[in-house]
Amino acid sequence: MMGRDLLAIEDLDRADLERILETALRMGEVGRRDVKKVPTLRGRTIINLFFEPSTRTRTSFEIAGKRLSADVVNFSPSSSSLTKAESILDTAMTLDAMDPDAVVVRHKVAGVPKRIADALAAPVINAGDGAHEHPTQALLDLFTVWQEKGRVDGLTVAIVGDVLHSRVARSNLYAFSKLGAEVRLAAPPTMLPAAVESLGVKSYGSLREALEGADVVMLLRIQQERLAGCFFPSIREYAATFGLDRRKLRFAKDDAIVMHPGPINRGVEIAHDLADQRPSVILDQVRNGVAVRMAVLYLFAGRSPRDAARREG
Amino acid sequence: MSAVEPGSAGSGGGGSRSTGPATRSDGVERVVLDDVAIRRALVRIAHELVERNESLDDLYLVAIPNGGVPLARQIAANLASIAGVEVPVGILDTTLYRDDLVSSGERPPLRRTEMPSAVDGRTVVLVDDVVSTGRTIRAAMDALMDFGRPRAVQVVGLVDRGHRELPIRIDYVGKNLPTQRSERIELRGLEGGLDGPLEVVVRRQPAEGEGAE
């Protein structure tokens with residue numbers, strides 16, 4: 001059963017995931033209306049607390065909150081007193097004293113959302129913490145696959161790229177495994193976590209083998225600046241061996257779809273012509289992100305224990 | 001208020017059924033409208049719709065799920081055979097417009113919304129199975145206004161059980177059914193679709209009723 005916070009896909013069970021997907025399906029309909037707004041969270045306040053820069057995820061949460069009529073406040077370090085050496089926890093507790101109904105947290109260090117959740121009255125939603133998890137990204141990926149394929153059970157999902165540093169990979173690994181898909185990881189050996197097999201997934205050092213019979217190819221972003229020369233010889237080398245183009249995609253199933261959490265490095269993880277059209281569903285992922293985050297806010301925002309106390313009172 | 005939850009819609013089988021661990025099985029439940037009575041009421045309501053609306057061309061039946069859906073479809077079929085008109089049927093979930101979400105800890109599941117036709121300028125007929133406080137109809141009207149500007153809104157309630165808390169009038173009533181607040185009214189047989197037998201039952205809640213609205 002879902003807890004008060006959404007910190008990790010690892011914490012959820014199959015029924016939770018299905019409930020979020022069903023809710024997102026209904027929220028998607030709201031997004032297709034002329035008036036894309038329902039009064040559900042009217043009078044509720046959601047704080048986007050982003051210690052790490054992010055335009056896409058933050059905007060997606062902002063639109064999701066606004067479509068549910070919540071008041072959404074964005075708070076990021078550059079515009080805050082963090083520069084004055086206020087601790088992360090102090091900042092969070094200060095915001096909490098303003099009685100938000102949910103706090104969406106992103107931080108470059110794994111575990112920070114959990115620390116904040118332990119200290120706050122408001123429910124906390126993890127929007128990505130270090131190399132730990134990025135639950136709403138995995139949920140929107142699940143949702144996209146479910147929409148495309150009509151099921152998740154029994155599918156083969158190949159996750160390609162920097163698995164080691166990727167919270168997206170980790171969350172997706174849990175999400176797809178929990179719903180009965182076979183998850184494969186493909187990366188240069190330096191970018192595969194040790195003992196990954198213990199998580200029940202298979203890892204491959206060759207893209208071709210990993211793609212064999214795959215229904216879904218999920219590419220991860222390569223952080224070029226940080227990794228080139230360390231984990232692989234060069235960007236060109238990576239693009240040649242693990243970059244996806246139409247020719248390599250032929251190893252996957254005929255109706256395989258291609259996904260990427262964005263922002264994409266064109267010509268690195270994915271060929272130019274493949275990024276913009278079927279079978280790539282990258283923009284569908286973005287669209288579904290709003291519906292999924294509406295579902296998450298609907299299910300989590302304003303369900304704090306403080307709420308229960310108010311009700312008794 | 002729709003008292004019908006997907007899970008509680010029963011597995012059919014008619015007649016004598018024991019519901020879970022109910023302590024008093026005698027007189028706990030009685031059928032107030034059987035399938036024949038429901039169908040008869042829906043034919044009458046279709047006739048009333050024809051009688052009270054000058055033009056049937058701009059009529060739009062909008063069902064409140066789950067219970068309203070088979071009822072609206074049946075009314076549309078009746079209108080087709082009585083007056084030869086094809087009236088569109090939409091489905092409008094009211095959950096996101098409920099006024100009690102703030103106080104409820106668990107969020108209720110969302111249901112389908114499918115509005116195949118535009119609402120503007122049409123006479124929209126909301127169809128619900130059980131009307132009581134009027135709060136669901138209020139929510140439905142708010143939701144409807146987000147889809148456009150209907151020329152008029154009318155309401156069909158298969159069962160009107162009273163206990164109104166808002167100034168909402170039901171224009172077409174299948175059956176007025178004075179009830180205790182502690183009783184629960186359910187439309188059963190929804191999984192059967194259009195052809196499956198429907199029935200409306202009244203259930204007395206054992207004291208401290210669980211799952212009461």
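Quick notes on the rules
- Residues numbered from 1 in each chain as written.
- Chains lettered and ligands numbered in written order.
- Predicted model: local features only at pLDDT ≥ 70, side-chain atom pairs only at ≥ 80, totals over all residues.
- Domains from an automatic or database assignment.
- Contact = placed C-beta atoms within 7 Å.
- Helix = DSSP H or I, 4+ residues; strand = E, 2+ residues; numbered from the N terminus.
- Nonpolar A, V, L, I, M, F, W, Y, C, P; charged D, E, K, R; others polar.
- Pairing = 2+ DSSP bridges.
- Right-handed = clockwise from strand over helix to strand, strands pointing away.
- Axes fitted to C-alpha atoms, helices over the stretch in contact; angles between N-to-C directions.
- Core = buried A, V, L, I, M, F, W, Y, C linked by C-beta atoms within 7 Å.
- Buried ≥ 20, exposed ≤ 12 C-beta atoms within 10 Å, placed from the backbone.

Draft legend 1. Representation of the domain arrangement of chain A within the structure. All names here are of chain A. The domain boundaries assigned to chain A delineate domain 1 (9-133 + 287-304) and domain 2 (135-281). At the junction of the two partners, domain 1 supplies 22 residues and domain 2 supplies 19 residues. At the level of secondary structure, the elements contributing two or more residues to the side of domain 1 that touches domain 2 comprise α1 (14-31), β4 (124-129) and α12 (282-300). Residue classes in the side of domain 1 that touches domain 2 are distributed as nine nonpolar, six polar and seven charged.

Draft legend 2. Region of interest: the pairing of strand β5 (residues 152-160) of chain B. All names here are of chain B. Relative to β5, strand β4 (residues 123-131) runs parallel, the two being bridged by eight bridges. When the bridges of β5 are listed, threonine 123 appears paired with alanine 152. Read as a crossover between parallel neighbours, the route from β4 over helix α3 (residues 135-147) to β5 is right-handed. Examined bridge by bridge, β5 and strand β6 (residues 172-176) share four bridges and lie parallel to one another. Paired with valine 156 across the bridge in β6 is tyrosine 172.

Draft legend 3. Layout of the sheet that holds strand β8 (residues 199-204) of chain B. Residues and elements named next belong to chain B. Pairing in this open sheet of three strands is antiparallel, and the strands run β1-β8-β7 from one edge to the other. Each having just a single partner strand, β1 (29-33) and β7 (183-188) make up the two edges of the open sheet. The sheet shows a mean angle of 30° between the axes of neighbouring strands, direction not considered. Across four bridges, β1 lies against β8 in antiparallel orientation. In the strand pairing of β8, leucine 33 is matched with valine 200.

Draft legend 4. Focus on the nonpolar core. Core analysis: the biggest nonpolar cluster contains 150 residues, and Val160(A), Val217(A), Leu297(A) and Leu61(B) have the highest contact counts within it. Lining this core are residues from two domains, each supplying at least three of them: domain 1 (9-133 + 287-304) and domain 2 (135-281) of chain A. For Val217(A), the residues in contact, after removing those within four places along its chain, are Ala158(A), Val160(A), Leu211(A), Leu244(A), Leu249(A), Ala252(A), Ala256(A) and Val258(A).

Draft legend 5. Geometry of the sheet that holds strand β2 (residues 71-75) of chain A. Residues and elements named next belong to chain A. Here we have four strands laid out as an open sheet, ordered β2-β1-β3-β4, and parallel in their pairing. Edge positions in the sheet fall to β2 and β4, since each has one partner strand and no second. In this sheet, neighbouring strand axes are inclined to one another by 15° on average, regardless of whether the strands run parallel or antiparallel. As judged from the five bridges shared by strand β1 (residues 45-50) and strand β3 (residues 102-107), these two strands associate in the parallel manner. Within the sheet, the bridge partner assigned to isoleucine 47 lies in β3 and is valine 103. With respect to the sheet, helix α4 (residues 112-119) is in contact with β3 and β4, its orientation differing from that of β4 by roughly 160°.

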